[in-house]
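Letter by letter, the chains look like this.
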Amino acid sequence: MAYFSYAENAELPEDVDASSSASIQTWNDVLTGNTGVIASMIAEATGADLFSIQTTEKYPDSYDATIDQGQEERNADARPELSTHLENADAYDVVFLGYPNWWGDMPMALYSFLEETDLSGKTVIPFVTSGGSGFSNTISAIESLEPEASVQEGLAIRDSGTLEAQEQVNEWIAGLGL
């Protein structure tokens, strides 16, 4: 389970109000984001290990400023440096890959991750959280970056329904036939 979550990649104040901040959630007493919540639900249901994709340079503590920075990175085709690296990718046959949809694309940190991590021969199962854009063209981007992987049907969750998505996640996982 590899995922990128804004809240885990931002310099958030300790007293951040998760209930009023876009994309920030507390799940199992851990401050994370919408994508982190869904990743945790999938990990609970499948027994998957969790791997948080982390950038070296943290994003701003403001969601709007982060989204603006994400757009700037996308426009520049940037590859943010990662501070975490999946060292044991060979140990997995199936990789769930989660991310928020930023400006109709994956955060550029996902491009960094996919370019440095060889998922050849693996089944990649994406999931996305978004305000309504779903996957946009991200599936084809994953297929281009990992041409030797088998990219399966993914799950798109609206940000507003993240905390209530457990049943939807369980039904999706059951349909995967893992």
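Summary of the structure given here. (Residues numbered from 1 in each chain as written. Predicted model: local features only at pLDDT ≥ 70, side-chain atom pairs only at ≥ 80, totals over all residues. Heavy atoms only, no water.)

Before going further, it helps to spend a moment on the overall build of the chain. For the chain, the helix and strand inventory stands at 5 helices and 8 strands. The helix and strand sequence of the chain, counted from the amino end, reads β-β-β-α-β-α-β-α-β-α-β-β-α. Here the chain, with 178 residues, has 49% of them falling under the buried criterion. In the chain, the proportion of contacts linking residues at least 24 apart, taken out of those at least 6 apart, comes to 77%. When the accessible surface of the chain is totalled, it reaches about 8,400 Å², and 43% of it is carbon and sulfur. (Helix = DSSP H or I, 4+ residues; strand = E, 2+ residues; numbered from the N terminus. Buried < 20%, exposed > 50% of the residue type's maximum accessible area, 1.4 Å probe, protein only. Contact = heavy atoms within 4.5 Å. Areas by Shrake-Rupley, 256 points an atom, 1.4 Å probe, with all protein chains shown as cover.)

Note that Glu164 resides in the loop between strand E8 (155-158) and helix H5 (166-176). Since its relative accessible area comes to 61%, Glu164 is described here as exposed. Residues Glu164 and Ile38, 126 residues apart in the sequence, show an inter-C-alpha distance of 9.9 Å.

Counting across every chain of the model gives 3 salt bridges. With its nearest N and O atoms 2.8 Å apart, the salt bridge here joins Asp77 to Arg79. The salt bridge involving Glu115 is made with Arg79; its shortest N-O contact spans 3.0 Å. Within this pair, whereas Glu115 is found in helix H3 (residues 108-116), its partner Arg79 is found in the loop between helix H2 (63-75) and strand E5 (94-100), the two being separated by 36 residues in sequence. Among the residues examined, Glu115 registers a relative accessible area of 46% and is labelled partly exposed. (Salt bridge = Lys/Arg side-chain N within 4 Å of Asp/Glu carboxyl O.)

The next point concerns the packing of aromatic side chains. The tally for this structure, following the rule as stated, stands at 5 aromatic pairs. The interplanar angle of 35° and the centroid separation of 6.1 Å between the aromatic rings of Phe51 and Phe113 together place this pair among those described as tilted. Of this pair, Phe51 sits in strand E4 (residues 51-52) while Phe113 is found in helix H3, placing the two residues 62 residues apart along the sequence. Phe51 gets classed as buried once you look at its relative accessible area, which sits at 15%. Ring centres of Phe96 and Trp172 lie 5.9 Å apart, and the angle between their planes is 70°; this geometry places the pair in the edge-to-face category. Residue Phe96 is located in strand E5, and its partner Trp172 is located in helix H5; the two are separated by 76 residues in the primary sequence. One aromatic cluster is present, formed by Phe4, Tyr59 and Trp102 through successive ring pairs. (Phe/Tyr/Trp six-rings, centres within 6.5 Å; stacked < 30°, edge-to-face > 60°.)

Counting 30 residues, the largest nonpolar core has Ile53, Leu97, Tyr99, Met106, Phe113 and Ile142 as the members making the most contacts within it. Listed by contribution, the elements that provide at least two residues to this core are E5, H3, strand E6 (123-130) and helix H4 (138-145). A total of 6 residues in this core trace back to one element, the largest contributor, which is H3. Counting 16 residues, the second largest nonpolar core, distinct from the first, contains Val37, Ile42, Ile125 and Ile157. (Core = buried A, V, L, I, M, F, W, Y, C linked by side-chain atoms within 4.5 Å.)

Bringing the packing of H3 against H4 into the picture now. Direction vectors running N to C along H3 and H4 enclose 30°, while the axes themselves pass 10 Å from each other. Considering their axes alone, H3 and H4 lie roughly parallel with respect to each other. For the element pair H3 and H4, the recorded crossing hand is right-handed. On H4, the residues that touch Tyr111, Leu114 and Glu115 of H3 are Ala141, Ile142 and Leu145. Taken together, the residues of the contact of H3 with H4 sort by class into 5 nonpolar, no polar and 1 charged. (Axes fitted to C-alpha atoms, helices over the stretch in contact; angles between N-to-C directions. Parallel < 35°, antiparallel > 145°, perpendicular 65-115°, else oblique. Left-handed = near helix turned anticlockwise from the far one by under 90°. Nonpolar A, V, L, I, M, F, W, Y, C, P; charged D, E, K, R; others polar.)

Okay, the side chain of Gln69 next. In this structure, Gln69 sits in helix H2. A relative accessible area of 17% means that Gln69 is categorised as buried. Apart from residues lying up to four places away in sequence, Gln69 is in contact with Glu57, Tyr59 and Pro60.

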